[in-house]
Amino acid sequence: MEKQQYSLAGALEGFGKCYDVAHSIWVERVGLPSEHKELLQSAVNSLLYFTRYAHERAGRNPSFPLYHRIAIVKAYKEEGDVISPTFANRVWERFEKLTPYDAKKGRYKTNEKLTKEPVCKVLEKLREGGEANLIKYLRGRSLKEAHKWLCGFRGIGNKVASLLLRDIWCYIGEWPDTPTSDHKFLQPIDVWVRLLSREAFPMSNWPLGDLAFAEQLVNHCKSTGIDPIEFNKGTWFVGSHFDRLCHFFKIAEEDRFDYERNQVDYGVAKDFDATAVLEGITDFRGLEAKGIFWV
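In short, a report on the structure.

Cut-offs used in this document
- Residues numbered from 1 in each chain as written.
- Predicted model: local features only at pLDDT ≥ 70, side-chain atom pairs only at ≥ 80, totals over all residues.
- Heavy atoms only, no water.
- Helix = DSSP H or I, 4+ residues; strand = E, 2+ residues; numbered from the N terminus.
- Rg over C-alpha atoms; globule rule 2.2 N^0.38 Å.
- Buried < 20%, exposed > 50% of the residue type's maximum accessible area, 1.4 Å probe, protein only.
- Contact = heavy atoms within 4.5 Å.
- Areas by Shrake-Rupley, 256 points an atom, 1.4 Å probe, with all protein chains shown as cover.
- Patch = residues over 30% accessible without salt bridge, like charges linked within 9 Å, V, L, I, M, F, W, Y side chains within 5 Å.
- Salt bridge = Lys/Arg side-chain N within 4 Å of Asp/Glu carboxyl O.
- Lys, Arg positive; Asp, Glu negative; His and termini not counted.
- Charge placed at Lys NZ, Arg CZ, Asp CG, Glu CD.
- Expected span 1.5 Å × (residues − 1).
- Polar contact = N/O pair within 3.5 Å; in protein donor to acceptor, adjacent residues only side chain to side chain.
- Core = buried A, V, L, I, M, F, W, Y, C linked by side-chain atoms within 4.5 Å.
- Arc of directions from axis to C-beta.
- Phe/Tyr/Trp six-rings, centres within 6.5 Å; stacked < 30°, edge-to-face > 60°.
- Lys NZ or Arg CZ within 6 Å of the ring centre and 35° of its normal.

## As for the overall build of the chain
- Within the chain one finds 14 helices and four strands.
- Whereas a compact globule of 295 residues would reach a radius of gyration of roughly 19 Å, the chain reaches 21 Å, a difference of no more than 12%.
- Oriented by its inertia axes, the alpha-carbon framework of the chain measures out at about 60 × 45 × 40 Å.
- Counting only residues that meet the buried cut, the chain has 46% of its 295 residues in that class.
- Sequence separation of 24 or more characterises 66% of the internal contacts of the chain that already satisfy a separation of 6 or more.
- Accessible area of the chain: about 15,200 Å², with a carbon and sulfur share of 50%.

Right under this line is the structure:
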């Protein structure tokens, strides 16, 4: 059983590369530079990159990241300066008017309590700090301080902060001299990471708190020769695409179920082949480039 579980962890780790490709596709589709380090040269692009993470919460309007990007671009064309005194409010005004209007309540459906701080207050804090580029601002602090700063905005919790910091670490550069004890801040913990971590490393004392869970996961990965970041990226990819991956690998529905535990058997992911999926994604991108429309 132990060998089987570690083979599952290794399989999930391999899917980290699939996340990398999926992320690059998103970057291309929203018009950001494919070379992530170029984000350090543009304050506007750093903010557009942030929109992917700022609204990553349950129950949010899936169009909010798009509205946020449009608002930033429009406000920048009008202001020309990300840290001007009026830029933050201008972005919020443009964002608000893109959201659906509730005639009965006489207001826009912005979910202001959880949305205004990531959209508006982040910009105000950048202005106070005198740095227009959000990614540079975060990298100018220690990893722990950057995580704390992000979590100070209502609507941005541990998961979103760690997700953004992890991707900056992976695609732009590591925070130098970061102690191993702080690597937990690079572990966004969502339902898929929790579920698949328990499958890969079965133990009875997984903690509930995000950071405590992340710390234990990092330690468990390192003790078994698994890269914690690749494992984290891979678990999200496999969990969020589980049914499609089962179909891709021709695993029948009745074979995806653990009848003893009366639940879906995510352990079948140990038989998934990340290389085959990467080839499939490459084939898809080639066909898409030729103008083929998928339904």
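## Regarding a positive patch on the surface
- Among the surface-exposed residues, Lys105, Arg107, Lys109, Lys113 and Arg154 lie close enough to one another that they form a single positively charged patch.
- As for its placement among the helices and strands, Lys113 is situated in helix H6 (residues 112-129).

## Quick notes on helix H9 (residues 158-171)
- Between its first and last C-alpha atoms H9 spans 20 Å; for 14 residues at 1.5 Å apiece the expected length is 20 Å, and the two agree.
- Buried residues dominate H9, accounting for 11 of its 14 residues.
- Of all the residues in H9, the buried ones are Val160, Ala161, Ser162, Leu163, Leu164, Leu165, Arg166, Asp167, Ile168, Trp169 and Tyr171.
- Lining the buried residues of H9 we find helix H2 (16-29), helix H3 (43-54), helix H7 (134-139), helix H8 (143-151) and helix H12 (228-240).

## A closer look at unusual backbone geometry
- Located in the positive-phi region is Asp177, a residue other than glycine, with phi close to 60 degrees.
- Mapped onto the elements of the fold, Asp177 is located in the loop between H9 and helix H10 (191-200).
- On the accessibility criterion, Asp177 (78% relative accessible area) is exposed.
- One non-glycine residue, Asn262, lies in the positive phi region at around 55 degrees.
- Within the fold, Asn262 resides in the loop between strand S3 (257-258) and strand S4 (263-264).
- The exposed category is assigned to Asn262, whose relative accessible area is 62%.

## Considering the side chain of Asp265
- Relative to the helices and strands, Asp265 resides in the loop between S4 and helix H14 (274-289).
- Among buried charged residues, Asp265 stands out as having no salt bridge; its nearest opposite-charge side chain is Arg261, 4.4 Å away.
- A polar contact is formed between the side chain of Asp265 and the backbone nitrogen of Gly267, at a distance of 3.0 Å.
- Beyond its immediate sequence surroundings of up to four residues, Asp265 is in contact with Phe242, Arg256, Phe257 and Asp258.

## Concerning the nonpolar core
- In this structure, Tyr49, Leu138 and Trp149 are the most contacted members of the largest nonpolar core, which totals 53 residues.
- Breaking this core down by element, the ones donating at least two residues are H2, H3, helix H4 (64-79), helix H5 (87-98), H6, H7, H8 and H9.
- Of the residues forming this core, the biggest block, eight residues, is contributed by H9.
- Setting aside chain neighbours within four positions, we find Tyr49 in contact with His23, Trp26, Val27, Leu32, His36, Leu39, Ile135, Leu164, Asp167 and Tyr171.
- Counting residues in hydrophobic clusters, the runner-up holds 31 residues, among them Leu8, Trp206, Leu217 and Val268.

## Notes on H8
- Those residues of H8 lying buried are Leu143, Ala146, His147, Trp149 and Leu150. Down the axis of H8, the buried side of the element spans an arc of 160 degrees, and every buried residue falls inside it.
- At its buried positions, H8 is contacted by H6, H7, H9 and helix H11 (210-223).

## Focus on the packing of aromatic side chains
- By the definition in use, this model includes 20 aromatic pairs.
- For the ring pair Trp169 and Trp175, a centre distance of 6.4 Å and an interplane angle of 15 degrees mean the geometry is stacked.
- Put simply, the rings of Phe15, Trp192, Phe237, Phe242, Phe248, Phe249, Tyr266 and Phe272 pair up and form one aromatic cluster.
- One residue, Arg52, lies across the ring of Tyr53, its end atom 5.3 Å from the ring centre.
- Here Arg194 stacks its cationic end above the ring of Phe213, 4.7 Å away from the centre of that ring.

## With respect to the environment of Val119
- Within the secondary structure layout, Val119 lies in helix H6.
- Put simply, Val119 and Asn89 are 30 residues apart on the chain and 9.1 Å apart in space, counted from C-alpha to C-alpha.
- Dropping the residues within four chain positions of it, Val119 is found in contact with His55, His68, Val91, Trp92 and Phe95.

None of the figures reported here should be taken as evidence of function without further support.
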